[in-house]
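Observations on chain architecture
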Amino acid sequence: MATNTTTTSFDLLPHSKHVDWESSETTFRMYVGYLSLLFDVGVLTYHFTTPFHPKFYVTTARRRVLQLHILSGCLEIIACVCAFYAQDPTKYAYAAAAFGAIAHVPSTFYQIPTVLGIKAFLVPSLGLVTALHGYFAINLVLNPTSFYYLLSTYLTVHIYAWSRVFFALYYRFKLFEGHRFSAAMLTSGTLLVPSVLGLRGNIGLITFVIMSDIILRSTGTVEFWKAWTTEHPRELAANPEKKVVLEALVTAAEVSNAVQSLSVQDPKDRYSRICATVMTANARNTSPREKAFAVFRAIDVNRDNELSVNEFKDFLLACGISTFEMEDKLMLEGLFQNRKVVTADDFCAWFTKSWIHSSSISVPRMPSTPRGQAKLVFDTLDADGSGALDLVELETLLTSWGLPHSEAADYLKNHDKDKSGTIEFQEFYETMGTVWKFAIQSFIDEGKILIEA
């Protein structure tokens with residue numbers, strides 16, 4: 001049976017007995033469909049045994065939308081399978097189309113703006129695939145016995161399931177580190193779009209993404225474009241570029257007490273002095289905030305208790321990072337934020353916030369109780385050891401996970417029961433389970449927790 005036939009007479013039903021296996025296009029679509037059903041089991045098992053990403057659960061509205069999304073997707077898939085095997089698929093096709101067009105497609109559009117990864121690629125491509133899903137669902141209502149629209153509706157609902165499969169594959173073989181979520185979503189899109197539109201589908205997908213970004217680039221602000229083209233990883237770990245900077249900063253911390261002045265004009269001479277004296281001082285056993293102060297003293301070459309952009313650039317050059325890399329990776333943006341100088345407190349806040357996402361966590365043993373796991377996460381986030389988490393730092397953490405600033409602020413405001421502007425451990429443990437449960441699972445998945453011998 002040709003896949004581009006929009007109607008099917010009842011003498012060619014059920015669909016399952018009249019698949020045109022001689023057609024390579026139909027065969028490809030059918031294999032993708034069977035694999036999708038197999039992967040559904042694994043994806044659902046994963047989600048029912050692993051904490052959801054906090055961005056889906058920090059507000060009631062998002063929690064309800066996620067529940068609707070999962071339920072409607074499952075029911076739509078079941079209805080599609082029943083329609084494929086039924087002698088009269090009409091009622092099942094109507095049900096599948098209704099679940100898709102009324103519930104699953106709108107709930108997907110609602111969640112697209114908070115997608116992780118590189119939004120410049122993923123928002124347009126997910127928007128296009130979701131629109132295709134809606135288009136096929138509506139046409140399935142108009143042609144309930146159409147094999148083409150039934151299979152296309154079934155395939156487009158699986159964009160997320162396939163992205164989870166590719167994400168797990170890339171994670172297993174340590175591929176695309178730092179861009180794993182974007183790579184997984186793009187791979188699933190380039191697989192599913194041709195399965196419903198043929199090879200021309202990928203050309204259309206690429207064209208749509210490029211045109212969307214050209215329009216946004218010409219109309220959006222510089223700040224918007226930076227956020228739009230920056231990777232927002234699903235994992236809790238910092239990106240590789242940030243780790244390079246932090247490692248360089250720790251090197252400075254280790255020699256800060258031994259090197260009286262690092263203001264050597266030639267970066268190569270300065271770097272050689274760091275290497276020559278690195279074994280004479282050790283800052284690795286201090287807290288992140290103590291490390292930060294040591295680093296600040298090491299690179300504040302004029303000792304004015306302020307760090308200028310030029311001083312920090314000079315230090316990065318000394319550590320082998322080129323000017324092009326600094327600008328390309330936005331290494332100065334997070335610290336200076338359009339300011340000419342930063343204070344020691346500004347620098348320490350930036351350093352400790354970055355440090356908790358990049359360093360390993362050493363513990364005598366893995367906590368076995370929920371309270372112990374929450375305490376481990378709390379102590380890790382409490383970089384200055386004050387016994388409380390600053391709301392601004394927690395908001396930064398939540399927005400880095402893809403949550404809009406307004407929703408992150410509202411969530412933290414509602415959980416700051418005593419209105420102190422900080423979150424103490426008891427508040428964190430009792431009311432922010434969504435955050436610490438995801439964080440502890442993320443620490444485990446990334447291998448950040450090291451058991452001391």
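The shown structure was predicted, so the numbers you read here are calculated from the model rather than taken from an experiment.

**So, the overall build of the protein**
When helices and strands are tallied, the protein shows 21 helices and 8 strands. Within the protein, buried positions represent 49% of all 453 residues. Long-range pairs, those at least 24 residues apart, make up 69% of the contacts in the protein with a sequence separation of at least 6. Total accessible area on the protein is roughly 22,000 Å²; 61% of this is exposed by carbon and sulfur atoms.

**Here's the deal with the nonpolar core**
Counting residues in each nonpolar core, the largest one holds 48 residues, and the members touching the most others are Leu 140 and Phe 181. Ignoring sequence-local partners within four residues, the contact set of Leu 140 consists of Ala 93, Ala 96, Ala 97, Ser 146, Tyr 149, Leu 150 and Thr 153. Core analysis: the second largest hydrophobic core is formed by 29 residues, Ile 361, Leu 403, Ile 423 and Trp 436 among them.

**Regarding the packing of helix α1 (residues 24-49) against helix α6 (residues 159-172)**
With their axes 9 Å apart at the nearest point, α1 and α6 run at an angle of 75° to one another. In terms of orientation, α1 and α6 fall into the roughly perpendicular class. Between α1 and α6, the residues in contact are Val 32, Leu 35, Ser 36, Phe 39, Asp 40, Val 43, Tyr 46 and His 47 and Tyr 160, Ala 161, Trp 162, Arg 164 and Val 165, respectively.

**Notes on the UniProt feature "domain: EF-hand" (unreviewed entry) in the protein**
As recorded in UniProt, the sites labelled "domain: EF-hand" (unreviewed entry) are residues 287-322, 369-404 and 405-438. Each end of residues 405-438 is marked by a C-alpha atom, and these two atoms are 19 Å apart; helix forms 71% of the span and strand 9%.

**What about the packing of aromatic side chains?**
The tally for this structure, following the rule as stated, stands at 18 aromatic pairs. Both rings, one in Tyr 135 and one in Phe 136, keep their centres 5.4 Å apart while their planes meet at 65°; by these two values the pair is edge-to-face. Residues Phe 136 and Tyr 149 carry aromatic rings whose centres are separated by 6.2 Å and whose planes lie at 45° to one another, so their mutual orientation is tilted. Linking Phe 136 in helix α4 (residues 119-142) with Tyr 149 in helix α5 (residues 147-156), this pair joins segments that are 13 residues apart in sequence. For Phe 136, a relative accessible area of 1% corresponds to the buried category. Connected via pairs of aromatic rings, a cluster forms that spans Phe 39, Trp 162, Phe 166, Tyr 170 and Phe 176. A cation sits over an aromatic face here: Lys 375 above Phe 425, 5.8 Å from the ring centre.

**As for the UniProt feature "transmembrane region" (unreviewed entry) in the protein**
Here the UniProt-annotated "transmembrane region" (unreviewed entry) positions come out as residues 31-48, 68-86, 92-109, 121-142 and 148-171. Segment residues 68-86 splits into 95% helix and 0% strand. End C-alpha atoms: 26 Å apart. The span residues 121-142 shows a helical share of 100% and a strand share of 0%, and its end C-alpha atoms are spaced 32 Å apart.

**Overview of helix α7 (residues 180-197)**
Compared with the 26 Å implied by 1.5 Å per residue over 18 residues, the 26 Å span of α7 between its first and last C-alpha is a close match. For α7, the tally of buried residues reaches 14 of 18 residues, placing the bulk of the element in the interior. In the segment just after α7, Gly 198 is the residue with positive phi, at about 80°.

Rules used in this analysis
Residues numbered from 1 in each chain as written. Predicted model: local features only at pLDDT ≥ 70, side-chain atom pairs only at ≥ 80, totals over all residues. Heavy atoms only, no water. Helix = DSSP H or I, 4+ residues; strand = E, 2+ residues; numbered from the N terminus. Buried < 20%, exposed > 50% of the residue type's maximum accessible area, 1.4 Å probe, protein only. Contact = heavy atoms within 4.5 Å. Areas by Shrake-Rupley, 256 points an atom, 1.4 Å probe, with all protein chains shown as cover. Core = buried A, V, L, I, M, F, W, Y, C linked by side-chain atoms within 4.5 Å. Axes fitted to C-alpha atoms, helices over the stretch in contact; angles between N-to-C directions. Parallel < 35°, antiparallel > 145°, perpendicular 65-115°, else oblique. UniProt positions renumbered as here; feature names shortened; annotations may be inferred. Phe/Tyr/Trp six-rings, centres within 6.5 Å; stacked < 30°, edge-to-face > 60°. Lys NZ or Arg CZ within 6 Å of the ring centre and 35° of its normal. Expected span 1.5 Å × (residues − 1).

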